Amino acid sequence: MASGSQPGEEAIRLADRLKVEEAGFHHVEEELLKGEAKVEFFKRVRGLDEKKREILYLRLLGELSFKEIGTVFGESENWARVTFYRAKQEMRKGVKRDES
């Protein structure tokens, strides 16, 4: 115990230090889970056909609008929106298959 400090104060300081260390541990754990989720996401994306995969990348990573994606492919905004939706559905079906 530090000189001049009360037993209760020392316990409070120790508890505070433990909270900080625990919070740091959970942060690292969360980051690891995020990394694992990214790996799983990209594994699933690889299972899509090339157009759907590219649309997902343009929308999520390139942050393009559906109108811009349609322009890239020479298609309509609605085509891009529907194809993106179908790609997400295929990925969700893959998740359900893997969990069963």
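Parameters and conventions
Residues numbered from 1 in each chain as written. Predicted model: local features only at pLDDT ≥ 70, side-chain atom pairs only at ≥ 80, totals over all residues. Heavy atoms only, no water. Helix = DSSP H or I, 4+ residues; strand = E, 2+ residues; numbered from the N terminus. Phe/Tyr/Trp six-rings, centres within 6.5 Å; stacked < 30°, edge-to-face > 60°. Lys NZ or Arg CZ within 6 Å of the ring centre and 35° of its normal. Salt bridge = Lys/Arg side-chain N within 4 Å of Asp/Glu carboxyl O. Buried < 20%, exposed > 50% of the residue type's maximum accessible area, 1.4 Å probe, protein only. Axes fitted to C-alpha atoms, helices over the stretch in contact; angles between N-to-C directions. Parallel < 35°, antiparallel > 145°, perpendicular 65-115°, else oblique. Left-handed = near helix turned anticlockwise from the far one by under 90°. Contact = heavy atoms within 4.5 Å. Nonpolar A, V, L, I, M, F, W, Y, C, P; charged D, E, K, R; others polar. Core = buried A, V, L, I, M, F, W, Y, C linked by side-chain atoms within 4.5 Å.

Brief notes about unusual backbone geometry
Line of reasoning, step 1. With a phi close to 55°, Glu63 is a non-glycine residue in the positive phi region.
Line of reasoning, step 2. Inspection of the secondary structure assignment puts Glu63 in the loop between helix H2 (50–61) and helix H3 (66–73).

Description of the packing of aromatic side chains
Line of reasoning, step 1. For the structure on display, the rule yields 4 aromatic pairs.
Line of reasoning, step 2. Residues Phe73 and Trp79 carry aromatic rings whose centres are separated by 5.3 Å and whose planes lie at 50° to one another, so their mutual orientation is tilted.
Line of reasoning, step 3. Three or more aromatic residues joined by ring pairs form one cluster here, namely Phe41, Phe42 and Tyr57.
Line of reasoning, step 4. Over the face of the ring belonging to Phe66 we find Arg59, whose NZ or CZ atom lies 4.0 Å from the ring centre.

Digging into the pattern of salt bridges
Line of reasoning, step 1. Considering all chains together, one arrives at 4 salt bridges under this definition.
Line of reasoning, step 2. We note a salt bridge from Lys52 to Asp49, for which the minimum N-O separation is 3.9 Å.
Line of reasoning, step 3. Relative accessible area serves as the criterion here: at 38%, Asp49 is assigned to the partly exposed category.
Line of reasoning, step 4. Between Arg81 and Glu77 there is a salt bridge; the shortest N-O distance is 3.0 Å. Of the two residues, Arg81 and Glu77 are both situated in helix H4 (residues 77–99); the distance of 4 residues between them amounts to about one turn of the helix.
Line of reasoning, step 5. Members of the salt-bridge network, linked through shared partners, are Asp49, Lys52 and Glu90.

Details of the packing of H2 against H3
Line of reasoning, step 1. Where H2 meets H3, the closest approach of the two axes is 10 Å, and the angle between their N-to-C directions is 140°. As far as their axial angle goes, H3 and H2 are oblique. The handedness of the crossing between H2 and H3 comes out as right-handed. Along its contact with H2, which presents Lys51, Glu54, Ile55, Leu58 and Arg59, the element H3 presents Phe66, Ile69, Val72 and Phe73.
Line of reasoning, step 2. Residues belonging to the contact of H2 with H3 are distributed by class as follows: 6 nonpolar, no polar and 3 charged.

Some words on the nonpolar core
Line of reasoning, step 1. The biggest cluster of nonpolar side chains holds 11 residues, and these are Val45, Leu48, Ile55, Leu56, Leu58, Phe66, Ile69, Ala80, Phe84, Ala87 and Met91.
Line of reasoning, step 2. Listing elements by their share of this core, those giving two or more residues are H2, H3 and H4.
Line of reasoning, step 3. If you tally residues by element for this core, the top one is H4, at 4 residues.
Line of reasoning, step 4. If sequence neighbours within four positions are ignored, Phe66 has contacts with Arg59, Glu77, Ala80, Arg81 and Phe84.

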